[in-house]
Amino acid sequence: MVETGPLDPSRGGGGRIDRVDDDEAGLFALVDQVRRIRALTTGGLFDTDLDPLTAQLREVADRLEAASASTERRQAVTWSTGDYVTNCPVVGRSNVLAPPIAFDILDDGTLRGEVTLGLEYQGPPACVHGGMVALLFDVVLGRANFHAGATGMTVYLDVDYRSPTPVLEPIVVTGRQVRVEGRKIWAQGAIHAGDRLCATAEGMFVEPGGLLLENRRRLAGG
Ligand SMILES: CCCCCCCCCCCCCC(=O)SCCNC(=O)CCNC(=O)[C@H](O)C(C)(C)COP(=O)(O)OP(=O)(O)OC[C@H]1O[C@@H](n2cnc3c(N)ncnc32)[C@H](O)[C@@H]1OP(=O)(O)O
């Protein structure tokens, strides 16, 4: 059972982590504009002719495609820089899927992030999609593990959906590592909307031995 006391959303005072602000290439700025468009197209209703805008976007997409490195090279970059977080689908500033959330780390290693999710993350009416809730947990638990010094791949993620998690309202996502036994790592998390508990999760992670290091070396060409 998840102990929600340490995951109290009103706790504060932490320092920001996993936040990369250096945007020399202008990629974060570009992705911010893509995110604005992404948010507006869900249920998209526009009081204008979309054809000319689509043509403009196609031109932009064509130019970016012509100038882009290959998928293989870009995948290598995500691992060779050691900078997984900028590409993460929850915290990554260069990943258009990411809201993105910024986490603070509290004195006891608990991670806390506040975010308002848009319509693009909606499942049931006015609620965040359950799969997105699970993704938020997988990432917050994984980052809590990383910052606690023992990290691994998710082998199970047990999510209890206790009340609806709202879209278009601030929610607080918390997570912390609770136990490590050899290669096995347990972490727990919670999502609140105000004082209301929306969901809790427990995950178990296993340090994958050489597997990920091998993949990382291969992808980074090292
Ligand atoms: C570069 C390196 C960085 C590190 C990674 C961070 C990257 C972060 C990137 C972001 C990623 C974000 C997150 C993601 O998206 S992670 C992506 C989603 N997860 C996966 O794809 C993982 C798939 N699974 C595997 O590849 C293997 O299972 C691994 C490699 C993890 C372990 O296979 P391995 O053959 O090595 O280990 P083992 O089978 O001997 O098991 C070990 C122990 O665990 C116990 N057990 C296993 N499963 C369960 C279970 N369901 N319930 C309870 N217990 C379970 C098992 O009984 C054993 O216990 P014991 O007998 O020893 O007592």
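Per an unreviewed UniProt entry, the recorded name for the protein is Acyl-coenzyme A thioesterase THEM4, and the organism is Dietzia psychralcaliphila.

Counting buried residues in strand 6 (residues 184-193) gives nine out of 10 residues, a clear majority hidden from the surface. Where strand 5 (residues 170-181) and strand 6 come together, nine bridges link them in antiparallel fashion. Each residue of the ladder has a partner; that of E181, found in strand 6, is K184. Connecting strand 5 to the next strand, strand 6, in antiparallel fashion are two residues, including G182 with a positive phi near 60°. Relative to strand 7 (residues 196-206), strand 6 runs antiparallel, the two sharing 10 bridges. Looking across to strand 7, one finds that G189 is bridged to A201.

Our next topic: helix 2 (residues 50-67). With 18 residues, helix 2 ought to run about 26 Å at 1.5 Å a step, and its terminal C-alpha atoms sit 26 Å apart, in line with that. Structurally, the start of helix 2 carries an N-cap: the backbone nitrogen of D51 is 3.1 Å from a side-chain oxygen of D49.

Attention shifts here to the pattern of salt bridges. Under the counting rule described, the total for this entry stands at nine salt bridges. Of the charged contacts, one joins D108 and R11 as a salt bridge, the two residues approaching to 3.2 Å between their closest N and O atoms. Taken together, the residues span a long stretch of sequence, with D108 in the loop between strand 2 (103-105) and strand 3 (111-116) and R11 in the segment before strand 1 (15-17) at a distance of 97 residues. Accessibility expressed as a relative area gives 25% for R11, which makes it partly exposed. R93 is paired through a salt bridge with D21; the nearest N and O atoms lie 2.9 Å apart. Note that R93 is positioned in the loop between helix 3 (71-80) and strand 2 and D21 in the loop between strand 1 and helix 1 (27-41), a separation of 72 residues in sequence. Overall, R93 belongs to the buried group, its relative accessible area being 17%. Residue classification places D21 among the exposed positions, given a relative accessible area of 56%. A single salt-bridge network, built from bridges that share partners, covers R19, D21 and R93.

Rules used in this analysis
Residues numbered from 1 in each chain as written. Predicted model: local features only at pLDDT ≥ 70, side-chain atom pairs only at ≥ 80, totals over all residues. Heavy atoms only, no water. Buried < 20%, exposed > 50% of the residue type's maximum accessible area, 1.4 Å probe, protein only. Helix = DSSP H or I, 4+ residues; strand = E, 2+ residues; numbered from the N terminus. Pairing = 2+ DSSP bridges. Expected span 1.5 Å × (residues − 1). Polar contact = N/O pair within 3.5 Å; in protein donor to acceptor, adjacent residues only side chain to side chain. Salt bridge = Lys/Arg side-chain N within 4 Å of Asp/Glu carboxyl O.

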